[in-house]
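# A structural walkthrough
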Amino acid sequence: MSQTSTQTPQKVSNTGTQATRVIGALAILVTIWVVISGLVLTPADVVQGESVRIMYVHVPSAWIAYVAFIVTAITSAFYIFSKRHSLGFDRVAGASAEVGVIFMAITLITGSLWGRLTWGEFWQWDPRLTTTAFLFVTYVGYLAVRRLDGSIEQRAKRSGVIALLAVVEIPLVHFSVVFWRSLHQGATVLNPNGDVKMDDLMLFTLFSGVIGFTLVFIWLVLHRQRTMLLSDLVIERAIDNAILERQNEGVGR
Amino acid sequence: MKKITNRSRVVSAVFIKDLRIEARSRVVTNQVLPFAGLIMIMFAFALDNDDVLQRVAGGLIWLATIFSLFVIVQRSFAIETDDSALDSLRVAGIDLSAVFLGKAFALTLQLIALDVVLIASAFLLYQVQVSAVGIVLLVTCVTCATTGLGFVGTLYGGLTAGANGRETLLPLLLLPVVAPVLIAATRATEAAFGSGGAATSEGWAWVGLLTIFAAVFGIGGSLAFGPLIDE
Amino acid sequence: MTSEKVVDFNDVVIVYDNFPAIAGATFYVNAGEIILLQGPNGAGKTTLLRACAGLLPISRGAANVLGCDLRSDRSAVRSRVGLLGHANGLFQDLTVLENMLFWSRLVGANKLDIEQAMDAMGLSGRLSGITVAKLSAGQRRRCALASLIVRRAQLWLLDEPHAGLDAQGRDELDATLRAARDAGATVIFASHEIERAQALATRSLLVTTGTVKTI
């Protein structure tokens, strides 16, 4: 049944490896650069003033939110359609969804604040923001399905199917919202970063932000799927013990 | 050829069974339809403005449909889990996608009955009007939208049926999925009613979206239903 | 009676809800046998029956039922077995006849099969038109058994089938199981009614704490 029972049990104090240390260090460095550049070095916008700086958090977060969604979808597809049904795919899918949900929340919050500062409103029916809101709720639902009772394989199969359904559902939501908003022309060009004139430094900082957030995403997912593996191992070990206990019950004392 | 006749036999058996149970027990007719009518009245209390009500009638109809959908879906699966009939269906060794289609079509029929009541209340309570062309649009819209809702309702209803607080998961999973139906059906219905100056011609594009939605979840649901309800 | 194995379990572990309901079961059942599963509550009899029906995943070991490997393809075995669990699997708002017609349509049984099954369980006549909700527990059990009969399954799996039946019902049940065996099926049933069950069974297995021993 399990691919995990071939692991030799050993005392594990952390889930770090050479790879994650390198990635983590890089992530910190890039993030520090983005913070300095975004807050200090880059100029304020002609129209929006200092509030344009939210862009350096909002845009990369949105990027990661969608990357996480795609990673979950692809790994779920691999789990379901591959012959071996390797649970590693399921763990990455789950980890990516958990991290993705956080970045989706950051996207929504920063987007809302940015809109407030720029246009005076906390929320507008901007298609991208609305779709992100739906993505967020869909993934909260996905995580809830992962927590339903059942075996590890059941969890993987169920949530894998839900993730694939989300792949078809999200474009449908997006198109509906886009067509819907296209009915209301004029006053609703609500994408604050549509108006920003970007010079080279701003572009570079934005790009660095995307790189930095991607590194953070990878680092988090690697660690999270390892802790998932460990907790699955604990469950397996408990089952092994329970089997022995149950067999001994019958042998009589 | 035998495979196909087997499947359609299962689909019709499940479809007839679900409708017969409803005809006998009248849970939807006696409980859900009055509930839906009441929602329409409550909207009037809350919104308290005849012009506004007439303008937003399309949206209110579909909101009430979706709220009632949860109850109807849970009832649809309560009859299966009551006496572990779902287990017997699994052991029967039949194609579970056929069970999915049978239940989805039965659900769709019940939703159509629901929408007839809701649209009638909109005429009575909100003073909407409809032209001859609008009626054609309205009927098509209702057919396509309820078919899509029937598919997704059966799919997620199957997943959340049964034990341990799973039923509370149904709204969380279902609401994001039915959002496109809410948007498209409302716009098409408003076009049929001519609310806010919308022309009926605008409604047909939205009906197209409803059809795509129904097709996607008809196929997706047939494939996903079996794996989702298996242990 | 041939010695071809209808059920063949080797060191099978079945984990349900992170608990090993079956913790290493090894046993076999030959074609044409009537097997009695004895054992205390919680021993795993129900789990074993459900697993043989292809409803539960096998965690470890090798399990073969009617030539199907339960680890790789347990859905294949389902159409060849009939399972009567603790619940009856009936629709409360439909009549006995309507329930029978539904389950029969699913498996392609004809009118004659239905009539014979209902006769065998004493459900023809007045009872056939009564809704299940209005029946007594014993009458519902008989209806569930009738829908099992029309399946013409190769392997019959019954979980405490005598429970709730009156004396006549139990006699009818025993006759039905013998008739099934004579027609070539194999029967495995769990029961607490040791005397009656042992008269019926050709062999007994003891299920305790997730393991199986031959008695």
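About the thresholds
- Residues numbered from 1 in each chain as written.
- Chains lettered and ligands numbered in written order.
- Predicted model: local features only at pLDDT ≥ 70, side-chain atom pairs only at ≥ 80, totals over all residues.
- Heavy atoms only, no water.
- Helix = DSSP H or I, 4+ residues; strand = E, 2+ residues; numbered from the N terminus.
- Rg over C-alpha atoms; globule rule 2.2 N^0.38 Å.
- Buried < 20%, exposed > 50% of the residue type's maximum accessible area, 1.4 Å probe, protein only.
- Areas by Shrake-Rupley, 256 points an atom, 1.4 Å probe, with all protein chains shown as cover.
- Lys, Arg positive; Asp, Glu negative; His and termini not counted.
- Charge placed at Lys NZ, Arg CZ, Asp CG, Glu CD.
- Salt bridge = Lys/Arg side-chain N within 4 Å of Asp/Glu carboxyl O.
- 1 Å grid on protein atoms, 1.4 Å probe; cavity = no way out; pocket = protein on both sides within 12 Å on 5 of 7 lines; lining within 4 Å.
- Points joined across faces, edges and corners; volume = space filled by probe spheres on them.
- Nonpolar A, V, L, I, M, F, W, Y, C, P; charged D, E, K, R; others polar.
- Contact = heavy atoms within 4.5 Å.
- Buried area = accessible area lost by both parts, 1.4 Å probe.
- Polar contact = N/O pair within 3.5 Å; in protein donor to acceptor, adjacent residues only side chain to side chain.
- Pairing = 2+ DSSP bridges.
- Axes fitted to C-alpha atoms, helices over the stretch in contact; angles between N-to-C directions.

### Quick look at the overall build of chain C
Along the backbone of chain C there are 7 helices and 10 strands. Whereas a compact globule of 215 residues would reach a radius of gyration of roughly 17 Å, chain C reaches 17 Å, a difference of no more than 12%. The C-alpha extent of chain C, read off along each of the three principal axes, is 50 × 35 × 35 Å. Across the 215 residues in chain C, those meeting the buried criterion constitute 59%. Counting every atom, chain C has about 8400 Å² of accessible surface; 49% of that belongs to carbon and sulfur. For chain C, the centre of its 23 positive side-chain charges and the centre of its 21 negative side-chain charges are spaced 3 Å apart.

### Description of the pattern of salt bridges
Residues and elements named next belong to chain B. By the definition in use, this model includes 28 salt bridges over all chains. Its salt-bridge partner being D87, residue R90 comes within 3.2 Å of it at the nearest N-O pair. Linking R90 with D87, this pair stays in helix 4 (residues 85–91), spanning 3 residues, or about one helical turn. On the basis of relative accessibility, which here comes to 4%, the residue R90 falls in the buried class. In this structure, E190 and R187 form a salt bridge, with 3.3 Å as the shortest nitrogen-oxygen distance. You can see E190 and its partner R187 sitting in helix 7 (residues 169–193), 3 residues apart, about one turn around the helix.

### With respect to the layout of surface pockets
When its volume is computed, the largest pocket comes out at roughly 1700 Å³. Lining the largest pocket are 50 residues; nearest its centre among them are Y79, H85 and K157 of chain A, D230 of chain B together with R74 of chain C. Elements represented by at least two residues in the lining of the largest pocket include exactly helix 2 (55–81), helix 5 (152–182) and helix 6 (200–251) of chain A, helix 5 (96–126) and helix 8 (200–229) of chain B together with helix 2 (75–78) of chain C. Partitioning the lining of the largest pocket into residue classes produces 23 nonpolar, 14 polar and 13 charged.

### Structural notes on the interface of chain C and chain B
Often, the extent of an interface is quoted as the loss of accessible area upon association of its parts. Contacts between the two partners involve 29 residues from chain C and, on the opposite side, 28 residues from chain B. Buried area between chain C and chain B, summed over both chains or domains, comes out near 2400 Å², and the portion from carbon and sulfur atoms is 57%. On the surface where chain C and chain B come into contact, there are 5 salt bridges. Linking R78 of chain C and D230 of chain B is a salt bridge whose minimum nitrogen-to-oxygen distance equals 3.2 Å. Counting the contacts that link chain C with chain B gives 12 residue pairs in polar contact (both at pLDDT 80 or more). Listing elements by their share of the side of chain C that touches chain B, those giving two or more residues are strand 6 (81–84) and helix 3 (96–107) of chain C. No other element matches helix 3 of chain C, which puts 6 residues into the side of chain C that touches chain B. The residue makeup of the side of chain C that touches chain B, split by class, is 15 nonpolar, 7 polar and 7 charged.

### Regarding the interface of chain B and chain A
Residue-level contacts link 25 residues of chain B with 24 residues of chain A. When chain B packs against chain A, the two sides together hide about 2200 Å² of surface, and 79% of this comes from carbon and sulfur. Ionic pairing is found between R166 of chain B and D149 of chain A, a salt bridge with its closest N-O pair at 3.9 Å. The tally of links from chain B across to chain A stands at 0 residue pairs in polar contact (both at pLDDT 80 or more). Of all the secondary structure elements, the ones that give two or more residues to the side of chain B that touches chain A are helix 6 (132–159), helix 7 and helix 8 of chain B. Its residues placed into classes, the side of chain B that touches chain A shows 20 nonpolar, 1 polar and 4 charged.

### Let's talk about the side chain of S51 of chain A
Examined against the element boundaries, S51 of chain A turns out to sit in the loop between helix 1 (18–41) and helix 2. With sequence-adjacent residues up to four places away left out, S51 of chain A is seen in contact with W114, L117 and T118 of chain A.

### Quick notes on the sheet that holds strand 5 (residues 68–69) of chain C
Residue and element names in this part refer to chain C. Spatial strand order, 2-1-4-5: 4 strands in an open sheet with antiparallel pairing. On the outer flanks of this sheet lie strand 2 (19–30) and strand 5, each paired with one strand and no other. Contacting strand 1 (5–16), strand 2 and strand 4 (60–65), helix 1 (residues 45–52) runs over the sheet at an angle of about 120° to strand 1.

### Quick word on the sheet that holds strand 6 of chain C
All names here are of chain C. Pairing is mixed in the open sheet, where 6 strands are placed in the order 6-7-8-3-9-10. With one partner strand each, in any of the chains shown, strand 6 and strand 10 (211–214) form the two edges of the open sheet. Taking each pair of neighbouring strands and ignoring which way they run, the sheet shows an average axis angle of 20°. Here 5 bridges tie strand 7 (residues 155–159) to strand 8 (residues 186–190), and the two strands are oriented parallel to one another. Within strand 8, the position partnered with W156 by the bridge is V187. Sheet contacts for helix 1: strand 3 (34–38), strand 6, strand 7, strand 8, strand 9 (203–208) and strand 10; angle to strand 7, the most-contacted strand, approximately 155°. Contacts from helix 6 (residues 167–182) reach strand 3, strand 7 and strand 8 within the one sheet, and its direction differs from that of strand 7 by about 160°.

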